Amino acid sequence: MNTSTCGTCPQSRAARVTRLGIDMQGCQYVVALAGNPNTGKSTVFNALTGLHQHTGNWPGKTVARAEGAFAYQDRRFKLVDLPGTYSLMATSIDEEVARDFLLFGQPDVTVIVVDASRLERNLNLVLQVLEITDQAVLCLNLMDEARRRGIEVDTDTLAADLGIPVVPTAARFGKGIPELIRTVHDVATGAIACHPNRVGGQTPGLQRAVQTISHRLKEVFPHLSNADWVSLRLLDGDSRVAEAVRRAEFRETRDGGTLPSTTALPETSSPHEAPISKPPRHQLEAILEEANKLRWEVGLDFHEVLVEGVYAEAARIASRAVHARRQASAEDWDRRLDRILTSRVLGYPIMVGLFLLVIWLTVQGANYPSALLSTLLVDHIYPFLRNAAESVGVPPWIRGPIIDGGYLAMAWVVSVMFPPMAIFFPLFTLLEDFGYLPRVAFNLDRLFRWAGAHGKQALTMTMGFGCNAAGVVACRVIDSPRERLLAIITNNFSLCNGRWPTQVLLATIFLGAIAPAYLAGTVATLGVISVALLGVFITFLVSWSLSRTVLRGEVSTFHLELPPYRPPRLLQTLYTSLIDRTLIVLWRAVVFAFPAGIVIWLVSNIHIGNHSLAEHVIRALDPLGIAVGLNGVILLAYIIAIPANEIVIPTVLMLTVLMTPMPGVGAEAGVLFEPEDMATTTSILTQGGWTTLTAACLMLFSLLHNPCSTTIYTIYKETGSWKWTTLSVLLPVALGFLVCFLVASGARAILPSL
Amino acid sequence: MAIPSWWKRWWGFLRPGIRERVLFEDALKLLHDRQSEGLSANIEDFASSLGVSRQKAERIIRRLEQMGLLVRSTPDGIQATEEGRRVALRIVRIHRLWERYLAEETGLPAHDWHRRAHELEHLTTDEDLEFLERNLGFPQYDPHGDPIPSAEGSVPPLRGDRIERAQPGETLIVSHLEDEPQASYAELLSHGLAVGIPIRLNRVGEHEVRLESQGQTVEITRQAAENLWVRRAELRPDQRAMLDGRTLASLRIGEWGVVRGISPRVRGLQRTRLLDLGFVPGSRITPEFCSPSGYPIAFRVRGTLIALRRDQAGLIFVEPPDGGSHAART
């Protein structure tokens, strides 16, 4: 991938390092990357492989496992980025994935990334990793930050105490990476031998039990290098490890069929580690039975005693290696900033101000590029393609669906969606990089707690204002199962970029019209804002009721890490997040909008009897539509435009003209269009029988209907469950029909003319 | 493994013969409960406990007798046979394992465990049972402190004794909370009592029992006290801190305290998560600042800021640095 540029520059050649990106063919060694959340693990990963994993100052960015590769001195290394975890006790899915890979994936080297400024707490995980594996390198990352905070780490003492090599790095600036690569290479090839410090078995109070089990395990598995750790896990009642003992599979990988696809493990069994002959089953069962018996003799607080022991050792090692030079100014800075950003007086105003600023920049900034893209894709390229197809002699039944249908829908989605996404998300990422977002969650948690949700939902909700699919992905930062599901299911109630234009258009034409001219703009704006706020209100309401009913049994935990502030890296953030968004928008346009365009063209052009398919369906849907204050055209538009909210209005206009033709307006059947001026749009809609009630109901329905298909797909991927996906689709639709029906009935009761 | 979803449970209860099976199993369980308390059972007991008419209860008993699961020596003396006892023990075992599972692996609150386990116990196959037990690490007691019968039918001893039998002034540890009748159980829960919580008995009155728990004096009715079992114990440091009741929530901004232990009420993922974050005995913790709305509070734990909510902070017990004469606490 990046070989052409990186491999030839002099610096790189000197170190003989090649970043191979995702080209993982023929790798001799597997390197795992472990570490606490928010220690810059993803940054180290990117620095090693030359890839652009999304990084952020935010615990829990990496959930799915990323893989990449690099080469050094003719040897190829496959790098596996494990999810950031606080521990390996396998109590959450992330921890299980990380632990299983270290235990069963048998990496040749494990690089443990730690935050040099918070070494003591990070050593908790380091010591646990060292219990499992022999071959490890400690990557002492964020050295720049530690220095800013006046913290010095004696790497020699640390290396001696841990029994593994220690490499100081500042991965954000590429410092120390060549040394890291060299050390990884040396450990992999055996040039450096590791003698890791193992404390678990020595924890006072557990010693006897551990030794008993460990001794029996060694009789059966003479080559087991981490017998103490396995014993500890057996005593702690870890059923996965018990299963491994039962099957004698310590030399094998497992098939990843039982975990969700994102967590499936690779086939990494190396040929030189063939399974040894299996010991008799009764012998293994006897060991497990013994462990089950001893567990209850040790007492109920097994886990506690264990973690306490590991932390005590971590504190001892850290106190020998870490020297705080002086009361650091960076720390004071952070404190002062926190006092302001979370203060009683300024906390909320700053938050609201920043939010409005981001929205304003997005709306204002997107106008021009959006018009430009639209002119380019719709006004210039579209006629060109059409003429070209005609002159080459492509038959209309091919040209129609592909160019008039698919291409136009795609162009529409790109021009409406791309500019706001490309502005909104980089701004968001900058705030994220700086470390402000966790403070927002902190300020708002009380409100969300009332609804049974997590404070971090404030952020996923805000992200939803940009794009619901992105908002759903962002729910990964919520590590409590119940609250995460809540955030995913309710994300659709955030009015996304694709729906804002619909709101603005309808509010301007219909709501503005009922007010005196000088107030028209204000009334329209208020209308749109009310709908958005209604969405927020419904988010809380639905979260509240779901957490007390359907999601009651899901596990719920809370903690919120507030990372130190870090100066954001402007250019890199903008670049990465821009690339990310462009790819998502384009992918979505091709995969979802293109087929939708074809379908839209087809339903308007396939005729049964004297009428097109669309006309038949619209007639059938009309009674239902009118009952809820809408009409058949709108319902059909929502059915066929499910892939993308932004083409709902063009589809509605096209179908309305199809039903009630107007001279000189619109193109042919199935071709999306947008009238030159507001007056034409108004006259089309009035002609189609629209009233202020229709517009109001459509504004509500646009807020409360099923998520677009990209979001549905994302929800399925993130939850891995049809049950939750179905709920997230049906719940908003049901709410939409209910609310629209109530509004329409109420309005008609008051004004029978509607 | 997860709890069978609601539609599986519904479907389970629609299967032919299931209603009868539920009644049979519940009847045998009732008999087992009575026998373990040294009591016998008559038809009326069955009818009221199962919520059926006397005739129906009669039919159930006759049917169970035909199946060889119980014998009737006199009209009032119904006894389970060896086989009947075995069936009852299996149901008790499933019920208590489910309660344990619900407590450790789900977010259901304590007053839901019993009801949900009762629904699940009749639908559990032997494979489910084995899987459940293995996943939980072969536990010996359910979250109420009731012993779980092993697969072979041996039952670990029920620990402790009713609280009325203890002496005033003694330090005790809650060993068992009987979950029926529900009103009594709910009363105990409302005082924050759970298995493993240390208490000091003050007085056993005529109508009430007064005790100290988590830094507060609690009065419970004699009726609820029937459900509270305790055992005598020398308190460990974490239990002493728990009895004193000083928690992270009682520290003021800028003060510090040393963690002694986490309340036994915090279970499963939440418990291990707190431990992994550094809320372990011996950690020195300072509340640094709070959210504009009061909670959560950001605590400095081993060099990192971790925010916790008020209810969580109230479940982590600390010892102030000067070991007790901590005047700042109000």
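Before reading further, recall that the structure is shown in the block above.
This write-up is about the structure you can find in this document. The shown structure was predicted, so the numbers you read here are calculated from the model rather than taken from an experiment.

Formed by 119 residues in total, the largest nonpolar core has its most connected members in Leu 630, Ile 647, Leu 655 and Trp 690 of chain A. Per-element tally for this core: the top contributor is helix α16 (residues 396-434) of chain A, with 15 residues. Not counting residues up to four positions away in its chain, the partners in contact with Ile 647 of chain A are Ala 409, Trp 412, Val 413, Ala 596, Ile 600, Ala 641 and Leu 672 of chain A. Within the second largest apolar cluster, 117 residues are counted, among which are Tyr 86, Ala 98 and Val 230 of chain A together with Tyr 295 of chain B.

All names here are of chain B. The element strand β4 (residues 171-177) is largely enclosed, with a buried count of six among its seven residues. Two elements, β4 and strand β5 (residues 198-204), share three bridges in a ladder whose sense is antiparallel. Within β5, the residue paired with Thr 171 across the bridge is Arg 200. Two elements, β4 and strand β8 (residues 228-232), share five bridges in a ladder whose sense is antiparallel. In the strand pairing of β8, His 176 is matched with Trp 229.

Next up on the list: the environment of Asp 33 of chain B. With respect to the element layout, Asp 33 of chain B can be found in helix α2 (residues 18-36). For the pair Asp 33 of chain B and Val 92 of chain B, spaced 59 residues apart in sequence, the C-alpha to C-alpha distance is 9.4 Å.

Turning our attention to helix α25 (residues 632-640) of chain A. All names here are of chain A. With eight of nine residues buried, α25 lies mostly within the body of the structure. When we look at burial in α25, the residues that qualify are Gly 632, Val 633, Ile 634, Leu 635, Leu 636, Ala 637, Tyr 638 and Ile 640. Residues of α25 that are buried sit in contact with α23 (570-605), α24 (613-627), α26 (648-659), α28 (692-703) and α30 (722-750). Looking at where α25 begins, the residue whose side-chain oxygen comes 3.1 Å from the main-chain nitrogen of Val 633 is Asn 631.

So, about the sheet that holds strand β10 (residues 284-290) of chain B. With antiparallel pairing, the six strands of this open sheet are ordered in space as β10(A)-β12(B)-β11(B)-β10(B)-β9(B)-β13(B). A strand with exactly one partner marks an edge of an open sheet, and here the two such strands are β10 (560-562) of chain A together with β13 (316-319) of chain B. For this sheet, the mean angle separating the axes of adjacent strands, direction not counted, is 45 degrees. With three bridges connecting them, β10 of chain A and strand β12 (residues 304-308) of chain B associate as antiparallel partners. Its bridge partner being in β12 of chain B, Glu 561 of chain A is matched across the sheet by Ile 306 of chain B. Here helix α10 (residues 237-244) of chain B sits on the sheet in contact with β9 (257-262) and β13 of chain B, set at roughly 100 degrees to β9 of chain B.

In this section: the interface of chain A and chain B. Between chain A and chain B, the residue contacts involve 55 residues of the former and 51 residues of the latter. For the chain A and chain B pair, buried surface summed over both sides reaches about 4,700 Å², with 51% attributable to carbon and sulfur atoms. Summed over the three residues of chain A that lose the most area to chain B, namely Trp 296, Phe 442 and Phe 558 of chain A, the buried surface amounts to 14% of that side. In this structure, the connection of chain A to chain B is made through seven salt bridges. The tally of links from chain A across to chain B stands at 22 residue pairs in polar contact (both at pLDDT 80 or more). Of all the secondary structure elements, the ones that give two or more residues to the side of chain A that touches chain B are α5 (119-132), α11 (239-246), α12 (281-298), α13 (302-321), α14 (329-341), α17 (437-450), α20 (481-490) and β10 of chain A.

Conventions and cut-offs
- Residues numbered from 1 in each chain as written.
- Chains lettered and ligands numbered in written order.
- Predicted model: local features only at pLDDT ≥ 70, side-chain atom pairs only at ≥ 80, totals over all residues.
- Heavy atoms only, no water.
- Core = buried A, V, L, I, M, F, W, Y, C linked by side-chain atoms within 4.5 Å.
- Buried < 20%, exposed > 50% of the residue type's maximum accessible area, 1.4 Å probe, protein only.
- Helix = DSSP H or I, 4+ residues; strand = E, 2+ residues; numbered from the N terminus.
- Contact = heavy atoms within 4.5 Å.
- Pairing = 2+ DSSP bridges.
- Polar contact = N/O pair within 3.5 Å; in protein donor to acceptor, adjacent residues only side chain to side chain.
- Axes fitted to C-alpha atoms, helices over the stretch in contact; angles between N-to-C directions.
- Buried area = accessible area lost by both parts, 1.4 Å probe.
- Salt bridge = Lys/Arg side-chain N within 4 Å of Asp/Glu carboxyl O.

Fair warning: the whole summary comes from geometry, so function is off the table for now.
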